[in-house]
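Remarks on the overall topology
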Amino acid sequence: MGIFGRKSDDTTARTATLTAATPVGAADLAALTGDYTIDPAHSTIGFVARHAMVTNVKGRFSEFTGSLRLDGTDPARSAASLDVTMDSIDTGSADRDGHLKSADFFRTEEFPTMTFRSTRAQALGGDDYRITGDLTILGVTKPLTIDLEFNGSAKDPFGNERVGFEGKAEILRSEWGLTWNAALETGGVLVSDKIKLNFDISAVRNAG
């Protein structure tokens, strides 16, 4: 997962506040190399599905763990790993969440975890990057490509060194065996096959 190519800003502006994201110049890239742990309290893994052909339903997973390996010298050697607790799905409706956990969808008792393991990282220029990997849902593994934007680095008031990313991707849920649907009287189906994924990631550098 690349973090490389940001241009340096004025030094005073970069150090004015501990909580502001810090632009990274070419000379500083190597300093960001290391292992990081995703902070779930300050990160979001969300999704958007079309409902009844007329509106979007948004949801998220509230429990997950993950790690990043960032390489400031060679972006292609960067990597990411993510484990999501499927029972933590939250769409703002207990009834809908219960249906999503059931045999019609995620079968969370049988398949409690969704995983992502990166296989390739690319720097696209500027703050834009792309990471490709294996996404496993319901025991089915398919490739997933996530487009990322690097939001900067910072040291928070507690001394943690952080990096931040925003990401987006799209999948067809049917490719992972998520095929349940219901036909509408007016035509179309209740739930879209295409699902939009979004990621807001804050990761803390591991000690040592």
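Below you will find a few notes about this structure. (Residues numbered from 1 in each chain as written. Predicted model: local features only at pLDDT ≥ 70, side-chain atom pairs only at ≥ 80, totals over all residues. Heavy atoms only, no water.)

**Section: unusual backbone geometry**
With phi around 50°, Arg-107 is a residue other than glycine that occupies positive phi space. For Arg-107, a relative accessible area of 32% corresponds to the partly exposed category. (Buried < 20%, exposed > 50% of the residue type's maximum accessible area, 1.4 Å probe, protein only.)

**Details of the environment of Thr-73**
In this fold, Thr-73 is placed in the loop between strand S4 (64-70) and strand S5 (79-85). Distance from Thr-73 to Thr-33, taken between C-alpha atoms, is 7.7 Å for residues 40 residues apart in sequence. Those residues within four positions of Thr-73 in sequence are excluded, and the remaining contacts are Ala-30 and Thr-33. (Helix = DSSP H or I, 4+ residues; strand = E, 2+ residues; numbered from the N terminus. Contact = heavy atoms within 4.5 Å.)

**Some points on the environment of Asn-151**
Among the structural elements, Asn-151 can be located in strand S9 (residues 140-155). We classify Asn-151 as partly exposed; its relative accessible area is 30%.

**Quick notes on the pattern of salt bridges**
Summed over the entire model, instances satisfying the criterion amount to 10 salt bridges. A salt bridge links Arg-77 to Asp-71, with the shortest nitrogen-to-oxygen separation between them at 3.7 Å. Its relative accessible area of 60% is what places Arg-77 among the exposed residues. For Asp-71, a relative accessible area of 7% translates into the label buried. Across the pair Glu-110 and Arg-107 runs a salt bridge whose closest N-O atoms are separated by 3.0 Å. (Salt bridge = Lys/Arg side-chain N within 4 Å of Asp/Glu carboxyl O.)

**Section: the packing of aromatic side chains**
Under the criterion given, the structure shown has 4 aromatic pairs. Consider the rings of Phe-47 and Phe-61, whose centres lie 5.6 Å apart with planes at 45°: the pair is tilted. Of this pair, Phe-47 sits in strand S2 (residues 44-51) while Phe-61 sits in strand S3 (residues 55-61); the two residues are 14 residues apart in sequence, bridging distant segments of the chain. Given the relative accessible area of 6%, Phe-61 is considered buried. Ring geometry for Phe-105 against Trp-180: centres 5.3 Å apart, planes inclined by 55°, an arrangement best described as tilted. With a gap of 75 residues between them, Phe-105 in the loop between helix H2 (94-101) and strand S7 (113-125) and Trp-180 in the loop between strand S10 (161-172) and strand S11 (191-205) connect regions that are remote in the sequence. When its relative accessible area of 7% is taken as the criterion, Phe-105 is described as buried. Here the aromatic residues Phe-47, Phe-61 and Phe-106 are joined through ring pairs into a cluster of three or more. (Phe/Tyr/Trp six-rings, centres within 6.5 Å; stacked < 30°, edge-to-face > 60°.)

**Some thoughts on the pairing of S5**
Where S4 and S5 come together, 6 bridges link them in antiparallel fashion. Pairing of Thr-65 across the sheet is with Asp-83, part of S5. Pairing of S5 with S7, which is carried by 5 bridges, proceeds in the antiparallel orientation. Residue pairing for S7: Ser-81 is matched across the bridge by Arg-117. (Pairing = 2+ DSSP bridges.)

**Concerning the side chain of Thr-115**
Locating Thr-115 in the fold gives a position in strand S7. Judged by relative accessible area, which is 18%, Thr-115 ranks as buried. With residues near it in sequence (within four places) discarded, Thr-115 still touches Leu-82, Asp-83, Asp-134, Leu-135 and Thr-136.

**Here's the deal with a nonpolar patch on the surface**
Together, Met-53, Val-54 and Val-189 give the surface a local cluster of nonpolar side chains, amounting to about 280 Å² of exposed area. Note on placement: Val-189 falls in the loop between S10 and S11. Judged by relative accessible area, which is 33%, Val-189 ranks as partly exposed. (Patch = residues over 30% accessible without salt bridge, like charges linked within 9 Å, V, L, I, M, F, W, Y side chains within 5 Å. Areas by Shrake-Rupley, 256 points an atom, 1.4 Å probe, with all protein chains shown as cover.)

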